[in-house]
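# Notes for the structure review
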Amino acid sequence: MVVASEQELTLRLTDEHKLLRDAVRDFAQNEIVPIAAEFDESGEFPLDTIRKMGAMGLMGIEVPEEYGGAGMDALAYVLTMIEVARADASHSTIVSVNNSLYCHALMKFGTEEQKQRFLKPVASGEKIGAYSLTEPMSGSDAGTMASRAVLNTARTHYVINGRKSWVTSGPVADLILLFTMTEPEKKHKGITAFVIEADRTGFIRGKKEPKMGIRASATSELVFDNYECPVENVLGEVGAGFKIAMTVLDAGRIGIASQALGLAEAAYEASLNYAREREAFGEPIGQFQMIQAKIADMKTRIEASRLLIYNAVLAKERGKISGERYTLEASMAKLFASETAMFVTHQAVQIHGGMGYSKELPVERYFRDAKITEIYEGTSEIQRIVIARSELGLR
Ligand code: CAA
């Protein structure tokens with residue numbers, strides 16, 4: 001439990017956290033690890049294991065039980081993400097978007113009716129949620145978008161047209177949190193958030209992206225062709241969409257940092273074992289100082305990532321009490337942990353030599369999977385902008 005008093009907030013792994021972590025670790029190692037390579041190869045969406053994780057409460061970890069979730073805290077979410085990512089990054093991507101982008105937004109900005117209709121089935125794992133901000137010509141510059149939502153004259157529906165891209169779980173999601181322009185002349189203040197029901201006409205799942213890594217986490221374009229969205233599906237205020245998108249990404253970035261840490265841990269553990277077992281020049285390669293230096297740097301960056309993630313968890317929990325943002329802490333954790341994942345998986349391939357390049361071991365998959373953590377939910381360049389602007393007091 002994250003413990004709050006008036007003066008301080010401290011982070012402590014309770015028995016409940018340890019039980020959760022161990023249960024997720026057992027599940028991930030026994031049920032996900034054996035299928036990860038096969039799903040990476042085929043690019044098939046791992047629906048069975050995702051459903052099982054839903055039954056374990058892992059698709060809505062911080063959502064209160066009354067809305068279908070597990071009713072746990074930010075630390076529980078991070079511990080889950082680390083364990084799932086240690087087994088397979090594709091699975092952790094699906095868990096992350098469902099929890100910290102979709103459910104988090106509905107929890108924070110949804111009305112009671114929206115929570116009952118659109119949060120409960122996703123937090124319980126019965127349905128899959130997605131988050132759709134990016135467009136073909138609007139990635140890092142999220143405030144500019146070409147898609148449009150126009151209110152009909154009866155003021156009952158918005159008619160949505162446009163094309164969104166890079167939507168995680170796009171090919172399978174039942175409910176999608178969509179950001180689109182309702183008043184283009186107001187720029188970012190003209191963006192509104194909508195809950196999209198995938199079973200309505202005018203919703204078309206576009207091209208599935210062939211990807212370098214996280215290949216079992218399906219990613220696609222979404223096309224809106226005169227899609228009629230009831231006004232009841234507007235999330236938050238009309239025109240507040242950009243702020244909602246950014247607020248939710250703060251939570252999402254802690255999830256991606258945790259994913260990066262889990263990936264780095266998996267690559268590190270594989271390297272440690274290999275350094276003990278593999279012999280060259282008559283001794284285990286772990287005896288060589290050049291391997292030792294790599295091990296030392298990998299371990300140090302992993303533990304530094306963990307501390308930045310815990311720092312962000314504390315800021316997030318503090319924010320639940322004070323209402324303050326934790327943008328800076330989330331960006332620092334995401335930046336450092338994702339660059340650590342790239343560094344550690346790169347070193348892991350090098351330590352494994354030819355075997356690191358072979359598909360017979362998971363190390364090459366870790367390396368391919370790690371790259372996306374430096375790109376999605378805000379590139380490393382965007383995180384540096386967010387951190388520097390915050391420190392300099394700039395916008
Ligand atoms: N929380 C709340 N409000 C925020 C905020 C935050 N974290 N960040 C900015 N805002 C508010 C500002 O206070 C400002 O409010 P006012 O208009 O009231 O003054 C408003 O938003 C605009 O802020 P900026 O002027 O700073 O906006 P900007 O256009 O300069 O953009 C940015 C800032 C940081 C570059 C932002 O555009 C950004 O984060 N870009 C990256 C987008 C991104 O991460 N995309 C990934 C999409 S999800 C994905 O990867 C796919 C998936 O499925 C996983």
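Remember, it's a predicted structure, so these values are computed and weren't measured experimentally.

Scoring rules and cut-offs
- Per chain, the residues get numbers from 1 upward, laid out in the order the sequence is written.
- Only residues with pLDDT of at least 70 are given local features in this predicted model, and only at 80 or more are side-chain atom pairs given and counted; all residues enter the totals for whole chains, interfaces and linings.
- By convention in this description, side-chain values take in all heavy atoms of the structure and omit both hydrogens and water.
- Numbering of helices and strands runs from the N terminus; a helix is a DSSP stretch of H or I covering at least four residues, while a strand is a stretch of E covering at least two.
- With C-alpha atoms as the basis for the radius of gyration, the globule rule is written as 2.2 Å multiplied by the number of residues raised to the power 0.38.
- Residues are treated as being in contact if the distance between any of their heavy atoms lies within 4.5 Å.
- Computed with the Shrake-Rupley method and a 1.4 Å probe, the accessible areas treat only the protein chains shown as cover for residues.
- A positive count includes Lys and Arg, and a negative count includes Asp and Glu. His and the chain ends are not counted in either.
- Taken as the charge centre is NZ of Lys, CZ of Arg, CG of Asp or CD of Glu, depending on the residue.
- Nearness is judged by heavy atoms alone; a residue qualifies as near a molecule or strand once a single heavy atom is within 4 Å of it.
- Any pair of N or O atoms that falls within 3.5 Å is considered a polar contact. Within protein, one atom must be able to donate a hydrogen and the other to accept it, and sequence-neighbouring residues count only if both atoms are side-chain atoms.
- For each domain, the first and last residues come from an automatic or database assignment.
- Partly exposed describes any residue whose relative accessible area lies between the buried limit of under 20% and the exposed limit of over 50%, with all areas from a 1.4 Å probe on protein chains only and scaled to the type maximum.
- Here a Phe, Tyr or Trp ring, Trp counted by its six-membered ring, pairs with any other such ring whose centre lies within 6.5 Å, and the pair is stacked when the planes are under 30 degrees apart, edge-to-face when over 60, and tilted otherwise.
- Only when the NZ of Lys or the CZ of Arg is both within 6 Å of the ring centre and within 35 degrees of the ring normal is a charge said to sit over the ring.
- By nonpolar core we mean a set of buried residues, namely Ala, Val, Leu, Ile, Met, Phe, Trp, Tyr and Cys, connected to one another through side-chain atoms within 4.5 Å.
- Within this document, salt bridges are pairs made up of a side-chain nitrogen of Lys or Arg and a carboxyl oxygen of Asp or Glu, the two lying within 4 Å of each other.

### Some thoughts on the overall build of the protein chain
Counting secondary structure elements, the protein chain contains eleven helices and twelve strands. Relative to the compact-globule value of 21 Å for 395 residues, the protein chain shows a C-alpha radius of gyration of 21 Å, a close match. Along the three orthogonal principal directions, the C-alpha set of the protein chain runs to about 80 × 50 × 40 Å. Considering only contacts in the protein chain between residues 6 or more positions apart, those separated by 24 or more positions represent 74%. Just so you have it, the protein chain exposes about 17,500 Å², and 53% of that area is on carbon and sulfur atoms. Positive and negative side-chain charges in the protein chain, numbering 45 and 53 respectively, have mean positions lying 4 Å apart.

### A look at the site of the ligand
Residues in close proximity to the ligand total 27 residues, the closest being Ser140, His188, Lys189, Glu377 and Arg395. Between the ligand and Lys243 there is a distance of 2.9 Å, counted from an oxygen atom to a side-chain nitrogen or oxygen. Contact between the ligand and Thr327: a nitrogen atom at 3.2 Å from a side-chain N or O atom of the residue. Protein contacts shield 83% of the accessible area of the ligand, which totals 1,100 Å² for the unbound molecule. Listing elements by their share of the shell around the ligand, those giving two or more residues are strand 5 (157–168), helix 6 (241–277) and helix 11 (380–392). Looking at which element gives the most residues to the shell around the ligand, the answer is helix 6, with seven residues. Taken domain by domain, the shell around the ligand gets at least three of its residues from each of domain 2 (130–239) and domain 3 (242–392).

### Brief notes about unusual backbone geometry
Despite not being glycine, Ser169 shows a phi value in the positive range, around 65°. With respect to the helices, strands and loops of the structure, Ser169 is situated in the loop between strand 5 and strand 6 (175–181). Even without a glycine there, the phi angle at Lys187 is positive, about 55°. Along the chain, Lys187 falls in the loop between strand 6 and strand 7 (191–197). Lys187 gets classed as exposed once you look at its relative accessible area, which sits at 59%.

### Overview of the packing of aromatic side chains
Throughout the structure, instances matching the rule amount to five aromatic pairs. Seen in terms of ring centroids, Tyr158 and Phe194 are 5.0 Å apart; in terms of plane orientation they differ by 70°. Their pairing is edge-to-face. In this pair, Tyr158 sits in strand 5 while Phe194 sits in strand 7, placing the two residues 36 residues apart along the sequence. Residue classification places Tyr158 among the buried residues on the basis of a relative accessible area of 8%. Here Phe194 falls in the buried class, since its relative accessible area comes to 0%. Geometrically, the ring pair formed by Phe203 and Phe224 is edge-to-face, given 5.7 Å between the ring centres and 65° between the ring planes. Note that Phe203 is positioned in strand 8 (residues 203–208) and Phe224 in strand 9 (residues 219–230), a separation of 21 residues in sequence. Judged on exposure class, the residue Phe203 and its partner Phe224 are both buried. Ring-pair connections join several aromatic residues into one group, and the members of that group are Phe203, Phe224 and Tyr227. Sitting over the ring of Phe343, Arg301 keeps its end group 3.6 Å from the ring centre.

### Observations concerning the nonpolar core
With 45 residues, the main nonpolar core has Ile254, Met298, Ile309, Val344 and Ile351 as its most contacted residues. If you list the elements that add at least two residues to this core, you get helix 3 (74–87), helix 6, helix 7 (289–322), helix 8 (327–352) and helix 10 (363–371). Once you skip the residues sitting within four places of it in the chain, Ile254 turns out to touch Val78, Ile309, Ala312, Val313, Lys316, Tyr326 and Ala330.

### Overview of the pattern of salt bridges
Enumeration according to the criterion identifies 27 salt bridges in this entry. Put simply, Asp40 and Arg368 hold a salt bridge, and the shortest N to O gap is 2.8 Å. Taken together, the residues Asp40 in helix 1 (residues 15–42) and Arg368 in helix 10 connect sequence positions 328 residues apart. Considered together, Asp40 and Arg368 belong to a single accessibility category, that of buried residues. For Arg368, the salt bridge identified is with Glu364, shortest N-O distance 2.9 Å. Of this pair, Arg368 and Glu364 both sit in helix 10, four residues apart, which is roughly one turn of the helix. By relative accessible area, Arg368 is classed as buried at 14%. Owing to a relative accessible area of 12%, Glu364 belongs among the buried residues under this scheme. By sharing partners, the salt bridges in this structure join Arg25, Glu83, Arg86, Glu265, Glu269, Lys299, Glu303 and Arg306 into a single network.

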